[in-house]
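Secondary and tertiary structure notes
Okay, here's what each chain looks like letter by letter:
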Amino acid sequence: MAGKKVTVVISQGQGKNPTKRQLEEDLAAALIMEPDCDVSIIPHLYDLTPDHTGLLFLKSIPGDLVIAAWLFPRAARWVLDRNGVKGQPGVSLLPAADDEEDAAEPEDAPADAQARALGAWDVPHRKIYCLDLRQQADYRVYRDEVRRISRECSVQTVDLMSWIQGSPQAAQLERYLHPQGANPAPAAAAEEDPVRRRWYPVIDYSRCTNCMECIDFCLFGVYGVDSVDRILVEQQDNCKKGCPACSRVCPENAIIFPEHKTAAIAGADVGTAAGLKIDLSKLFGAPSALEQAVLERDVELVADGRDAVGATVGVPKRQAHKPVTRDALDELIDGLDQLS
Amino acid sequence: MPADLVFMMGKYEARIPGDRLYAENHLWLKSQDAGPAGQSRFQVGFTAYSVRLLQDVYFLSWSLDPDSPVRHKQEIGEIESSKAVSSLYAPRDGRVLDFNAALLQDPSAINLDNYGTGWLFEFETGETLLTPPDYAALLESGWEATQRLIKGQMND
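The text that follows walks through the structure, step by step, so that each part is easy to find. (Residues numbered from 1 in each chain as written. Chains lettered and ligands numbered in written order. Predicted model: local features only at pLDDT ≥ 70, side-chain atom pairs only at ≥ 80, totals over all residues. Heavy atoms only, no water.)

Concerning the sheet that holds strand β5 (residues 40-46) of chain B
Residues and elements named next belong to chain B. Cut-off, in case you're wondering: Only strands that DSSP links by at least two bridges are regarded as paired with each other. Runs of E in the DSSP output that reach at least two residues are strands. Runs of H or I that reach at least four are helices, and both are numbered from the N terminus. Orientation is described by lines fitted to C-alpha atoms, with helices fitted over the stretch in contact, and by angles between N-to-C directions that extend from 0 to 180 degrees.
Taken in spatial order, the six strands line up as β3-β4-β5-β11-β10-β7 in an open sheet, and their pairing is antiparallel. Each having just a single partner strand, β3 (21-23) and β7 (68-70) make up the two edges of the open sheet. Each adjacent strand pair in this sheet contributes to an overall mean axis angle of 35°, direction not counted. Of the strand pairs in this sheet, strand β4 (residues 27-34) and β5 are connected by six bridges, and their pairing is antiparallel. Within the sheet, the bridge partner assigned to Leu-27 lies in β5 and is Phe-46.

Here it is as structure tokens:
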């Protein structure tokens, strides 16, 4: 099964940080020389509108895909999923600053806590590997990882063959691009503009239990449900820039804001936060997650000329009587809360 | 002057000077002079406990102008150190009068002299604060959760 190429897409950082640009360019230059990979560069993945050529290109890639982005892998994966670029999560063996027990397949082998989760649906057999460019400063580390992935992919001939025969991609994509009645917000008028910064939630369906707390809490109409009542981000551009309130009320920590400064909200994985700094905000007097969510929502309501509602509307209640199964990320978040 | 207290963070001795008051978010408040009726003016800084957790401070910024009224827990700034990032919050309802301008150029005084030249801002409030024994008791009760938090985030 020689000649099977893996596609590598480098998602550029926002802004013009020269260090980041250099890493992107060095990596691209190195990968062009690799016989078994096709390399492309797109603007920052999170900022792409549905009709941006970068996203159309991503959707057109049939086989295994490596995406290198300035995002947590979990965030990158679910941004892609949201945009109809689906695949099995590939396990990256990228060496972390202090090597953990891998990024150990957070969704392949769900623990008890994920047993009630919706999970991703209609996922083709191809693999998507998400590499976090913030993890290492040397492009050669990423090049070597791409080589390793490339070997891994070309070995798995059975999977690939069965997948290629089926060619489910186009039909599936069509379905995801146009889910019944609930089209992800089209890029209103911004179509020809260069990529602008965006801000919207991304749902991690490997954690989401469809509990609907987010749709209750958000008063800006960001959330909706599809034809089978699965929660989805329906009007993403209604979302208020900088406001991560729904993520704070989500009982499963399933809502990611990839650009938020708090790692847990930006999609850090349990066990892969290596090299990141500790957030001591709780220690220095940050309000509780719910208090803060309520404050953040009120600020945005007032900015819109509406009345602040405080904690009178949409605060979590559906979970009150349910037994809770927990995992390490829950522990981490609650550890923060106990410090007030 | 009341004697200083010490809180043991593992083997590290976090000193709690007896000549000032404290807030739950690990700031000290040292009385300067009486403000308007019912208000007191304080110099405010990080306790040894907070500095030990932060370690070398690289960057400090404030998100409001001097002489601004603030609510308890309102976000007022941000700090980045070798070990941590954090937002900073008002210790009580009150008024932030002025900031220590020297720290904005070079925050290293926070590490070198956190109870003296490394003060952060001047603050006016009429609310009740913690005494040194209150603060020591608070550290005692929160130490396990703090360790869990740090270990949880650092995976060690």
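There's plenty left to go through after this.
Here's the deal with the packing of aromatic side chains
Applied cut-off: To pair, rings of Phe, Tyr and Trp, with the six-membered ring standing in for Trp, must have centres within 6.5 Å; the planes then decide the type, stacked if under 30 degrees apart, edge-to-face if over 60, and tilted in the middle. Burial classes: relative accessible area under 20% of the type maximum marks a residue as buried, over 50% as exposed, and values in between as partly exposed (1.4 Å probe, protein chains only). Should the NZ of a Lys or the CZ of an Arg lie within 6 Å of a ring centre and within 35 degrees of the ring normal, that charge is described as sitting over the ring.
Scanning the entire structure with this criterion turns up 14 aromatic pairs over all chains. Each ring, one from Trp-28 of chain B and one from Tyr-115 of chain B, has its centre 6.3 Å from the other, and the planes form 45°; the classification is tilted. Of the two residues, Trp-28 of chain B sits in strand β4 while Tyr-115 of chain B sits in the loop between α3 (109-112) and β11 (121-125), which places them 87 residues apart along the sequence. Take Trp-28 of chain B: its relative accessible area is 0%, and that puts it in the buried class. Judged by its relative accessible area of 10%, Tyr-115 of chain B is buried. When the centroid spacing of 4.7 Å and the interplanar angle of 20° are considered together, the rings of Trp-62 of chain B and Phe-99 of chain B count as stacked. One end of the pair, Trp-62 of chain B, is in strand β6 (residues 57-62); the other, Phe-99 of chain B, is in strand β10 (residues 94-99), with 37 residues separating them in the sequence. Assigned by exposure class, Trp-62 of chain B and Phe-99 of chain B land together as buried. A cation sits over an aromatic face here: Arg-134 of chain A above Phe-72 of chain A, 4.3 Å from the ring centre. In this structure, Arg-20 of chain B is placed above the aromatic ring of Trp-28 of chain B, and the distance from its NZ or CZ to the ring centre is 4.5 Å.

Some thoughts on the state of the cysteines
Residues and elements named next belong to chain A. In plain terms, the rule: Note on terminology: disulfide denotes any pair of cysteine sulfur atoms within 2.5 Å.
One pass over the full model with this rule turns up zero disulfides over all chains. In this structure Cys-218 is a free cysteine whose sulfur lies 6.3 Å from that of Cys-246, the closest cysteine sulfur available. Residue classification places Cys-218 among the buried residues on the basis of a relative accessible area of 16%.

Things to note about the pattern of salt bridges
Once the charged atoms of two side chains with opposite charge are near each other, the side chains can pair. Worth spelling out the cut-off: The term salt bridge refers to a side-chain nitrogen of Lys or Arg lying within 4 Å of a carboxyl oxygen of Asp or Glu.
Summed over the entire model, instances satisfying the criterion amount to 23 salt bridges over all chains. Across the pair Lys-86 of chain A and Asp-81 of chain A runs a salt bridge whose closest N-O atoms are separated by 3.1 Å. A relative accessible area of 5% means that Lys-86 of chain A is categorised as buried. With its nearest N and O atoms 3.5 Å apart, the salt bridge here joins Asp-93 of chain B to Arg-71 of chain B. Linking Asp-93 of chain B in the loop between β9 (84-89) and β10 with Arg-71 of chain B in the loop between β7 and β8 (75-81), this pair joins segments that are 22 residues apart in sequence. The class of Asp-93 of chain B is partly exposed, set by a relative accessible area of 28%. Owing to a relative accessible area of 55%, Arg-71 of chain B belongs among the exposed residues under this scheme. Because the salt bridges share partners, they merge into one network encompassing Glu-34, Arg-143, Asp-144 and Arg-147 of chain A.

So, to be careful, I would describe these as geometric facts and stop short of saying anything about function.
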